[in-house]
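Observations on chain architecture
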Amino acid sequence: MQNSIALVVATRNKGKTSEIRELLKDFPIEIKNLDDFGPIPQVEEDGDTFDENAYKKASFTARILGYPALADDSGLLVDALDGAPGVYSARYAGENATDEERYAKILQEIKGKTNRKAAFECVISIAVPTGPALTYEARCEGVIAEQPSGSNGFGYDPIFYYPELKKTFAELTQEEKNSVSHRGKAFREVQEEFDKILIWIRQNMPVQEKFICSED
Ligand SMILES: O=P(O)(O)OP(=O)(O)OP(=O)(O)OC[C@H]1O[C@@H](n2cnc3c(O)ncnc32)[C@H](O)[C@@H]1O
Ligand SMILES: [Mg+2]
């Protein structure tokens, strides 16, 4: 009998959670969400890079909960806006804005510009409570659509047109999006290294009992 490892997916974004669960579904781990625990203080995502913020979220969660944790920090970079919204993607139109308000602001700002190139970037950090972490990152290139289209996915997906599939990300199924997206690509590396990651977690966890769940 083998014991499996529990891993907390440290995100409050339901769209991301769903994609990440799908990307990790074939692996021998027990995935926990933040909702599985009581109230947890929110991490301030004040880093200058996706790397910094992903590490902050993963290491903070691991430390507070005593489990290995995986965080994703990601965002949209628009060429004609000098890489904005970038690390500010989640709060581009203000803290309480909706996804629609955020992408409407981008459409407004690039109105009339000929260069509509954009990219999504994603950094995954997997951390243990004592601090060490592993990092994976990827990028996906596309263009900003003239108008929003599609209702799948989340965030900026309705305005992110992916030329190879001639659709916006919001017009793709979750499986199709995961097969080409920034998050999907970063997780492909996680998947390839999964055995090594499990060994690394076991070696770096301070207390062995809590994060190992018996399989029945
Ligand atoms: O920090 P957590 O709790 O994970 O959730 P979040 O929504 O705040 O996530 P980020 O801090 O990483 O902010 C990234 C923002 O970029 C956008 N984004 C990231 N990945 C995306 C994707 O695959 N499709 C569309 N928009 C995406 C989306 O609006 C996110 O809110
Ligand atoms: Mg966030």
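Refer to the structure above for everything that follows.
Fair warning: this is a prediction, and the values are worked out from it, not measured in the lab.

Below, the discussion takes up the packing of aromatic side chains. Per the counting criterion, the structure on display carries 6 aromatic pairs. On the numbers, 4.3 Å between centres and 35 degrees between planes, the contact of Phe-27 with Phe-194 is tilted. You can see Phe-27 sitting in the loop between α1 (14-23) and β2 (29-33) and its partner Phe-194 sitting in helix α6 (residues 194-204), a full 167 residues away along the chain. A relative accessible area of 21% means that Phe-27 is categorised as partly exposed. Over the ring of Tyr-92 we find Lys-105; its NZ or CZ atom is 4.7 Å from the centre of that ring.

Further remarks concern the site of ligand 1. Near ligand 1, the surroundings consist of 20 residues, among which Thr-11, Lys-16, Glu-45, Lys-57 and Asp-157 are the closest. For ligand 1, an oxygen atom lies 2.7 Å from a polar atom in the side chain of Lys-177. Contact distances for ligand 1 include 3.0 Å between a nitrogen atom and a side-chain N or O atom of Arg-183. Burial of ligand 1 by the surrounding chains reaches 91%, relative to a free accessible area of 590 Å². When residues of the shell around ligand 1 are traced back to their parent elements, those giving at least two are β3 (69-78) and α5 (182-192). Considering every element that reaches the shell around ligand 1, the biggest residue donor is β3, with 4 residues. Here the shell around ligand 1 is composed, by residue class, of 4 nonpolar, 7 polar and 9 charged.

Parameters and conventions
Residues numbered from 1 in each chain as written. Chains lettered and ligands numbered in written order. Predicted model: local features only at pLDDT ≥ 70, side-chain atom pairs only at ≥ 80, totals over all residues. Heavy atoms only, no water. Phe/Tyr/Trp six-rings, centres within 6.5 Å; stacked < 30°, edge-to-face > 60°. Helix = DSSP H or I, 4+ residues; strand = E, 2+ residues; numbered from the N terminus. Buried < 20%, exposed > 50% of the residue type's maximum accessible area, 1.4 Å probe, protein only. Lys NZ or Arg CZ within 6 Å of the ring centre and 35° of its normal. Near = heavy atom within 4 Å. Polar contact = N/O pair within 3.5 Å; in protein donor to acceptor, adjacent residues only side chain to side chain. Areas by Shrake-Rupley, 256 points an atom, 1.4 Å probe, with all protein chains shown as cover. Nonpolar A, V, L, I, M, F, W, Y, C, P; charged D, E, K, R; others polar.

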